[in-house]
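# Reading the structure
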Amino acid sequence: MTPRVELEAVSVRYDELLAVDGIDLEVQPGEVVAVVGPSGCGKSTLLRAVAGLVPLSAGRVCLDGVDQEGIAVHRRGVGLMFQDQALFPHRDVAGNVGFGLRMQGRAASEIARAVTELLDLVGLPGAQRRSVAELSGGEQQRVALARSLAPSPRLLLLDEPLGALDRTLRERLVADLRGLFGDLGLTVVAVTHDQEDAFALADRVAAMDGGRLLQIETPAALWDRPASARVAELLGQPNVIEAEVRGGTAATPWGALTVGGPDGPATLLVRPAAVRLDPRGPLAGTVRTARFRGQHTTLHVELTAGPPLQADVPSSSAPAPGSAVRLRIEPSTAARLG
Amino acid sequence: MTGRWGQRASALGLLAGPVLFLALFFAWPVANIVGEGLRGDRGWDLQGFGDVIGDPHLRAVAWFTLWQAAASTTLTLALALPAAHVLARYEFRGRRAVQALVTVPFVLPTVVVGSAFVALLGPRGPLGIDLDGTVWAILIAHAFFNHAVVVRTVGGLWELIDPATEEAARVLGASPWQAARRVTLPALRPAIASAALITFLFTFTSFGVVRLLGGPTHATLEVEIYRQTADLLDLPVASVLALLQLAAVGALLVAQEKVARRWAGTAFPLRPADRRRSRTGRERAWVGANLTAMAILLVVPLVVLVERSFRMGEGYGLASWRALGDRTRGTGLSAPALEAVGNSLRFAVVATLVAVVLGGLAAAALARSTGPVGRVLDVVLLLPLGTSAVTVGFGFIIALDEPVDLRANPWLVPLAQAVVALPFVVRTMTPVLRSIDGRLREAAAVLGASPRRVWREIDLPLVLRSGLVAAGFAFAISLGEFGATRVIARADAPTVPVVIDRLLGRPGVLNVGQAFALSSILMVATAAAVLLVDRARTATDRRSTGGWP
């Protein structure tokens, strides 16, 4: 099957800055890929390059096997939802949603019908005549989504689709989006700075930093086997440490950890769930903070020797901040990165 | 790189027209005033300044200008701050209507304000007290005129200050008064300072109100400049006065700019707060008292103006209105007063066209230029705003005699009005044009609009609408423009404000009645122009211009 999107060594240069640095990426029809990275990592520029809003300084963008070089933005048949929506202030909701269909020269009655359907789809039935300036943040996001879906793009690009929404609104919209992508069989590339949104939205997640893709995997695989300390950090994973491996064992400030693989320097990851409270444990420290998360509580423990550790312990036995504790790391639970 | 140079070149191209216009009809006249004021018999000297400062009459004028501006500002704040509180914090039936009405006085021409207070406080007023010619009439009329400045500037910030901050202070043990003084007042201070400075600036350069209400004894610098030019023909003294006033206004504008910048740095948490209904009897009394005060200050004078235009002795009649169409003796008018309406409309249309075309070009250039160049342009294009209108008109008289004598040309009037209206056009259009950011165009392109279609669908409608709003303001300003027009209008082609001024300066009930009738017409025309275009603005436009003008 021809991939819907094919990026080959795509680079974008702004004056001195290489914003996107030789990215390769394939997205299959119907697949949802999320790019996660800190702000300024080049992820928005990557989207703009695919849409044709910024010229490539090197590489190729192919859609359905056709090189898009020289094809203007308005002829690429992609949809882009902007970070802060960019709704047209001089048009009402229907005028915004129906804009793309009008550009295709559709009949007014057909546009009206499509707008009604789309507004139902995004959960804003009957909002046609409302002014976009009166909408709340979440409603604006939904109108922007309906607007980008209206012309039935073969590829939908989402730039921080959950933007500045608050937690509950985000979670609801993530679920709605995920359902919508599946129902409509959409091909989507979304960029976000929030790894939780990325995991919840996408079939595959790409970690991006400094203009490069560091790793692309399914959410579960990415979480379990981050390719580097940087990827683990981007995903918000704590307890990463550099160590020397000899004969399957790594000597670390947290003690000897059993890991597989060849001898040599390695980056290790200890999951917070694998750190246990144990009165006879080898590691002594003081609880700095304890964050209750329902079933378990996340402890930040400052050790008498070595870098601090994060531990997830059952909430029923969680000590209070300031308590002196002893910890041990479950054998054979450290993951070797890369 | 070529893109950036291209952009700079196109910005310069857009600016060519407005800059040439301002150079010819603003900079050149002002330069002539400087020359006239600083040049003695034997080259450049400061002799003129010495003469002016040594003249006790002119010293008295300068002192009066200063203290009446301070007193007017104090009175305006005292009346308008409570009103701003009520409109920002309380919900009541008809609040939106009251908010719209409160802005009307500010857009009214100064001669309308002047006549309204002649009608209310003059010898034949309904109150039976004659304050005409006293400083009280001037102060009250100034409060009427600038009330909206304070309500909109301060109220606009007040409604964004979360009442929870004051509640937090109360919970922490502050009395209501302490909470207001320690929490709300400091947060409002930049807005109050800004509103006070603007009010001071307007009343410092007040012309129409003082001329109509001040009688022969009260004159601001602006009125004195006019008197020296038109009555005494002493151009050197007028030039020196104009320069002194320019310097004072410049200092005020610099202060205003500083306050505005500090305001931009405010760290107070701002979010639209909910208004609530008054709960206690005390709150109800407070809201009621303020609404009554607003009605008395802002509505009564305008109602009385219209009422007095129909007043005939002890009864009512249409004699004043009928006389507008007649050639009346003793007014110094060579034609029926009604002809001035035609003149005013013709001039205002031309002035509006000139101001909107040139102002639109300048706004387009400003919207494209960012950085230091843009900031300098911003100030240059606003300069005429800080220069008094009489000064502009006076500059026309002394500058435009060579090489071609344009002074007798009736079309100078709309050109001067365009100079006065231009900064308002630029101020109205620039934020809207800036708000057409690249992303709107990109969004349209992604949705399938070709570059030409993007221009038609995005740029054009937004430009047209902001142009329409600017045109409404420019039209209202030109219709009511008094200072420059009074100086340069020819006797055979006067505008409505000029005729009102002449009629009020003559004895006779019929003359005054005609002045009131003409003022009523002018009031309705300007209010209609402004309210009409206000409807064309969307909530977004208003937000992007900070609700002002």
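Our subject is the structure that appears above.
The following paragraphs examine the structure supplied in this document. Fair warning: this is a prediction, and the values are worked out from it, not measured in the lab.

### Here we look at the overall build of chain B
Secondary structure assignment for chain B yields 23 helices and four strands. Within chain B, buried positions represent 51% of all 549 residues. Long-range contacts, defined here as pairs at least 24 residues apart, represent 79% of the contacts in chain B between residues at least 6 apart. Counting every atom, chain B has about 24900 Å² of accessible surface; 64% of that belongs to carbon and sulfur.

### Brief notes about the interface of chain A and chain B
With 24 residues of chain A in contact, the opposing surface of chain B contributes 23 residues. Summed over both partners, the interface of chain A with chain B buries about 2100 Å², with 64% contributed by carbon and sulfur atoms. Considering only the surface of chain A that becomes buried against chain B, His74, His90 and Met103 of chain A emerge as the three largest contributors, covering 29% of it. Summed over the shared surface of chain A and chain B, the number is three salt bridges. Across the salt bridge formed by arginine 102 of chain A and glutamate 457 of chain B, the nearest N and O atoms sit 2.7 Å from each other. Viewed at the interface, chain B and chain A are joined by four residue pairs in polar contact (both at pLDDT 80 or more). For the side of chain A that touches chain B, the elements supplying multiple residues, two or more each, are strand S6 (78–81), helix H3 (99–103) and helix H5 (137–149) of chain A. The biggest single contributor to the side of chain A that touches chain B is H3 of chain A, with four residues.

### Considerations on helix H4 (residues 108–121) of chain A
Residue and element names in this part refer to chain A. Here H4 is 14 residues long and its end C-alpha atoms lie 20 Å apart, about the 20 Å a rise of 1.5 Å per residue gives. Among the residues making up H4, those that are buried are Ile111, Ala114, Val115, Leu118 and Leu119. Down the axis of H4, the sector holding all buried residues measures 130°, keeping them to one side. Exposed residues on H4 whose side chains face more than 90 degrees from its buried face are Arg113 and Glu117.

### Description of the pattern of salt bridges
Residue and element names in this part refer to chain A. The full count for this structure, using the stated rule, is 32 salt bridges over all chains. One salt bridge connects aspartate 64 with arginine 4, and the closest N-O pair in it is separated by 2.6 Å. Linking aspartate 64 in the loop between strand S4 (58–63) and strand S5 (66–67) with arginine 4 in the segment before strand S1 (5–14), this pair joins segments that are 60 residues apart in sequence. Exposure remark for aspartate 64: the relative accessible area of 32% places this residue in the partly exposed category.

### With respect to helix H17 (residues 412–435) of chain B
An α-helical turn contains 3.6 residues, so any two residues separated by three or four positions project in the same direction. Between the first and last C-alpha of H17 of chain B there are 35 Å, a value that for 24 residues agrees with the 34 Å anticipated at 1.5 Å per step. Taking burial as the measure, the 24 residues of H17 of chain B include 18 buried ones, the bulk of the element.

### Quick look at the packing of aromatic side chains
Ring pairs (aromatic) are described by centroid distance and by the angle formed between their planes. Applying the stated criterion across every chain, the model contains 13 aromatic pairs over all chains. Between phenylalanine 88 of chain A and phenylalanine 99 of chain A, the ring centres sit 4.8 Å apart and the planes meet at 50°, which makes this aromatic pair tilted. Pair noted here: phenylalanine 88 of chain A is in the loop between S6 and helix H2 (93–97) and phenylalanine 99 of chain A is in helix H3, with a separation of 11 residues, a long-range link. Considering the side-chain rings of phenylalanine 310 of chain B and tryptophan 321 of chain B, the 5.5 Å spacing of their centres and the 20° angle between planes classify their relative orientation as stacked. Residue phenylalanine 310 of chain B is located in the loop between helix H12 (281–309) and strand S3 (311–312), and its partner tryptophan 321 of chain B is located in helix H13 (residues 319–323); the two are separated by 11 residues in the primary sequence.

### Focus: the sheet that holds strand S8 (residues 188–192) of chain A
Residues and elements named next belong to chain A. Taken in spatial order, the six strands line up as S6-S7-S8-S3-S9-S10 in an open sheet, and their pairing is mixed. The open sheet terminates on both sides in strands that have one partner only, identified here as S6 and strand S10 (212–217). With direction set aside, neighbouring strand axes in the sheet form an average angle of 20°. Sheet topology places strand S3 (residues 32–36) next to strand S9 (residues 204–209); four bridges connect them, and they run parallel. When the sheet's bridge partners are listed, valine 35 is paired in S9 with alanine 206. Contacts from helix H1 (residues 43–51) reach S3, S6, strand S7 (155–159), S8 and S9 within the one sheet, and its direction differs from that of S7 by about 150°. Against the sheet, H5 touches S6 and S7, its axis set at about 170° to S6.

### So, the environment of valine 245 of chain A
Residues and elements named next belong to chain A. Among the secondary structure elements, valine 245 is positioned in strand S11 (residues 240–246). Spatially, the C-alpha atom of valine 245 lies 5.2 Å from that of glycine 264, the residues being 19 residues apart in sequence. In this structure valine 245 touches Ala250, Val259, Pro262, Asp263, Gly264, Ala266 and Arg336, once residues within four positions along its chain are discounted.

### Notes on the sheet that holds strand S2 (residues 17–27) of chain A
Residues and elements named next belong to chain A. Pairing within the open sheet is antiparallel, and its four strands lie in the order S2-S1-S4-S5. The outermost strands of the open sheet, each flanked by one partner alone, are S2 and S5. Both S1 and S4 contribute to a ladder of five bridges, which runs antiparallel. Note on S4: the bridge partner recorded for valine 5 is leucine 63. Docked against the sheet, H1 engages S1, S2 and S4, running at close to 115° with respect to S1.

### Considering the packing of helix H3 (residues 56–89) of chain B against helix H8 (residues 176–204) of chain B
All names here are of chain B. Interhelical geometry of H3 versus H8 gives an angle of 135° and a closest axis separation of 8 Å. In terms of orientation, H3 lies oblique with respect to H8. The handedness of the crossing between H3 and H8 comes out as right-handed. When H3 is examined against H8, the residues Thr65, Leu66, Gln68, Ala69, Ala70, Ser72, Thr73, Thr76, Leu77 and Leu81 are found in contact with a partner set consisting of Ile192, Ala196, Thr199, Phe200, Thr203 and Phe204. Considered class by class, the residues forming the contact of H3 with H8 number nine nonpolar, seven polar and no charged.

### Regarding the layout of surface pockets
Residue and element names in this part refer to chain B. Within this model, the second largest pocket holds a volume of roughly 1000 Å³. The wall of the second largest pocket is formed by 27 residues, among which His85, Tyr90, Glu166, Pro176 and Arg276 lie closest to the centre. Where the lining of the second largest pocket is concerned, the elements lending two or more residues are H3, helix H7 (163–171), H8 and H12. Of the residues forming the lining of the second largest pocket, the biggest block, nine residues, is contributed by H8. A breakdown of the residues in the lining of the second largest pocket according to their chemical character gives 14 nonpolar, three polar and 10 charged.

### Details of unusual backbone geometry
Residues and elements named next belong to chain A. Within the chain, glutamate 160 stands out as a residue other than glycine whose phi angle is a positive 45°. Assignment of secondary structure puts glutamate 160 in the loop between S7 and helix H6 (167–184). Backbone geometry at asparagine 239 places phi at a positive 60°, although glycine is not the residue there.

Reading guide: rules and limits
- Residues numbered from 1 in each chain as written.
- Chains lettered and ligands numbered in written order.
- Predicted model: local features only at pLDDT ≥ 70, side-chain atom pairs only at ≥ 80, totals over all residues.
- Heavy atoms only, no water.
- Helix = DSSP H or I, 4+ residues; strand = E, 2+ residues; numbered from the N terminus.
- Buried < 20%, exposed > 50% of the residue type's maximum accessible area, 1.4 Å probe, protein only.
- Contact = heavy atoms within 4.5 Å.
- Areas by Shrake-Rupley, 256 points an atom, 1.4 Å probe, with all protein chains shown as cover.
- Buried area = accessible area lost by both parts, 1.4 Å probe.
- Salt bridge = Lys/Arg side-chain N within 4 Å of Asp/Glu carboxyl O.
- Polar contact = N/O pair within 3.5 Å; in protein donor to acceptor, adjacent residues only side chain to side chain.
- Expected span 1.5 Å × (residues − 1).
- Arc of directions from axis to C-beta.
- Phe/Tyr/Trp six-rings, centres within 6.5 Å; stacked < 30°, edge-to-face > 60°.
- Pairing = 2+ DSSP bridges.
- Axes fitted to C-alpha atoms, helices over the stretch in contact; angles between N-to-C directions.
- Parallel < 35°, antiparallel > 145°, perpendicular 65-115°, else oblique.
- Left-handed = near helix turned anticlockwise from the far one by under 90°.
- Nonpolar A, V, L, I, M, F, W, Y, C, P; charged D, E, K, R; others polar.
- 1 Å grid on protein atoms, 1.4 Å probe; cavity = no way out; pocket = protein on both sides within 12 Å on 5 of 7 lines; lining within 4 Å.
- Points joined across faces, edges and corners; volume = space filled by probe spheres on them.

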